[in-house]
Amino acid sequence: MPTFKEIQDHLMDHMLPGDLIVSMGAGPVWEVTDELVRRIRGAGAA
Amino acid sequence: MPPGTEIVVHSAAIGPQHPEMVAARLQRCEILKYAQMLGRVMSLKHGIAIAGTHGKSTTTAMTAHVLLAAGKDPSYVVGATCAQLGGSARSGAGELFVVEACEYDRSFHNLRPHIGAALNIEEDHLDYYKDLNEIIESFAHFLGRIDPNGVAIISAIDPNCATAVKNIEARVETYGIDVAADWQATGIRRYQGKAHFQVAYKGKKMGRLVLALPGRHNVGNATVAAAIATHCGVAWDQIQSAIETFRGADRRSQLLGQFPHPEFPGDLPVTILDDYGHHPTEIRATLLPCASTIARGGWCAFFSRTSIAARASCWTIFARSFLHADITIVPDIYFVRDSEADRRPSAPRRWCSVCRRTGGMRCTCPRSRRFRII
């Protein structure tokens, strides 16, 4: 799902401390934040 | 299809040509829609059906949670997964059967509950209903099916609910926040992320409730859950402790966590929420408490994937519902039941331009050049 990955890449590059990120909508949009959580955890542990 | 199968239950989305449906007909199985089966099961129990354009999953899950905690051993079917409930459905030995009653496909016309709730009535599912009047008529039919000795609980401030209960036999009780209502919630205060408020029934003070869910709308949902539990004979102190421990259904303002920023771990954390909202009222209701209490100085990013955004006439209303977001990111639109004709104008790029024109907000989609320059 290249589109979701682009969004995740964008957020990883641009988010700042104190930000609130919400995935909202019906359908599989939850996959964006699900994967984002994994990536943030992975980046924090690295 | 296993031999000996007697009944095949299918969702409204499965058509007659589906291979399992064809096999079911060949085997002369009884074929029922999910909602028909739900009605059949409810007829064996003391039914509680919770309907409304918004809030029905959360309120159904909360009601089931309270009845479980009170030892009523209820059965329930919720339209969302809820970790505290161990999933979305349960078969209990108790008399009570709590279900989320859906108006799509007039599913809820299969139910004959003892207690029925209409939390609110708005335009939704316009691929199925012609207009708001048809939706109100459909709710009126659902509320008319409540046991005449039962009770209908409706919003005190929603004129559509008032219209829908005009000719029903069951007793009608209203709920509301800071307005005259049979079930009245007042004095909401937020303390340590929880809402504290008082509830009165027909002017008599019942006591305080504490709720961990965000948003004013959830205070209304909790008031309805408490009203239903009271009618089921649950003591107020049991209701209080159960409501306070309720953590919400999945994808309903669900807090996925607060995480240290990978590059600035000593600074404020990044907060991530997930929400199912796909109707302007829901989006506004979810984002409003985010804007006022959670986000401090940061920007917010919101992604919307929605079916009814495809309707050009709704775009402006949708765009306004995202006003509390600093940044809105729109991926490709997610289609459920829309026709090919509905899909064309819903390109995210065009949707974004409506958002920008309407709200003056920063809105982007992956295919837009603006996505690169934020």
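Every value quoted in this text rests on a predicted model; they were computed, and no experiment measured them. (Residues numbered from 1 in each chain as written. Chains lettered and ligands numbered in written order. Predicted model: local features only at pLDDT ≥ 70, side-chain atom pairs only at ≥ 80, totals over all residues.)

**Re the sheet that holds strand β5 (residues 87–90) of chain B**
All names here are of chain B.
Link 1 in the chain: Taking strand neighbours across the sheet as the criterion, the ten strands line up as β5-β4-β6-β3-β7-β8-β9-β10-β11-β12 in an open arrangement whose pairing is mixed. Each edge of the sheet is formed by a strand with only one pairing partner; in this case those strands are β5 and β12 (204–211). Averaged over all pairs of adjacent strands, the angle between their axes in this sheet comes to 20°, without regard to strand direction.
Link 2 in the chain: Bridge count between strand β10 (residues 183–191) and strand β11 (residues 194–201): seven bridges; the pairing is antiparallel. The residue bridging glutamine 184 from the neighbouring strand is alanine 200, located in β11.
Link 3 in the chain: Packing of helix α2 (residues 34–42) onto the sheet brings it into contact with β3 (46–51), β4 (75–82) and β6 (96–100), and relative to β6 it is tilted by some 160°.
Link 4 in the chain: Lying over the sheet, helix α3 (residues 56–69) contacts β3, β4 and β6, oriented at roughly 130° with respect to β4. (Pairing = 2+ DSSP bridges. Helix = DSSP H or I, 4+ residues; strand = E, 2+ residues; numbered from the N terminus. Axes fitted to C-alpha atoms, helices over the stretch in contact; angles between N-to-C directions. Contact = placed C-beta atoms within 7 Å.)

**As for the pairing of strand β1 (residues 7–10) of chain B**
Residues and elements named next belong to chain B.
Link 1 in the chain: In the sheet, β1 pairs with strand β2 (residues 30–33) via four bridges, with the strands oriented parallel. Bridged to histidine 10 within β2 is lysine 33.
Link 2 in the chain: Handedness of the crossover joining β1 and β2 through helix α1 (residues 19–26): right-handed. (Right-handed = clockwise from strand over helix to strand, strands pointing away.)

**Quick notes on the nonpolar core**
In globular proteins that are soluble, nonpolar side chains generally tend to be buried together.
Link 1 in the chain: One finds Ala118, Phe139, Leu143, Ile228 and Ile243 of chain B to be the most contacted residues of the largest nonpolar core, which totals 69 residues.
Link 2 in the chain: With eight residues, the top contributor of residues to this core is helix α6 (residues 216–231) of chain B.
Link 3 in the chain: Excluding residues that lie within four positions of it along the chain, isoleucine 228 of chain B makes contacts with Ile48, Thr63, Ile115, Ala117 and Ile153 of chain B.
Link 4 in the chain: The next biggest cluster of nonpolar side chains, apart from the first, holds 20 residues, and it includes Ile7 and Leu20 of chain A together with Ile283 and Val330 of chain B. (Core = buried A, V, L, I, M, F, W, Y, C linked by C-beta atoms within 7 Å. Buried ≥ 20, exposed ≤ 12 C-beta atoms within 10 Å, placed from the backbone.)

**Looking at the pairing of β3 of chain B**
Remark: a regular strand shows side chains that alternate across the two faces of the sheet.
All names here are of chain B.
Link 1 in the chain: The element β3 is extensively covered by neighbouring structure, given that five of its six residues are classed as buried.
Link 2 in the chain: Here five bridges tie β3 to β6, and the two strands are oriented parallel to one another. Looking at β6, one finds that glycine 47 is bridged to phenylalanine 97.

**Topic: the environment of methionine 42 of chain B**
Residues and elements named next belong to chain B.
Link 1 in the chain: By the element assignment, methionine 42 lies in helix α2.
Link 2 in the chain: Separated by 70 residues in the primary sequence, methionine 42 and arginine 112 place their C-alpha atoms 7.2 Å from one another.
Link 3 in the chain: Excluding its chain neighbours within four sequence positions, the residues that come into contact with methionine 42 are Gly47, Phe97, Val99, Leu111, Arg112 and Pro113.

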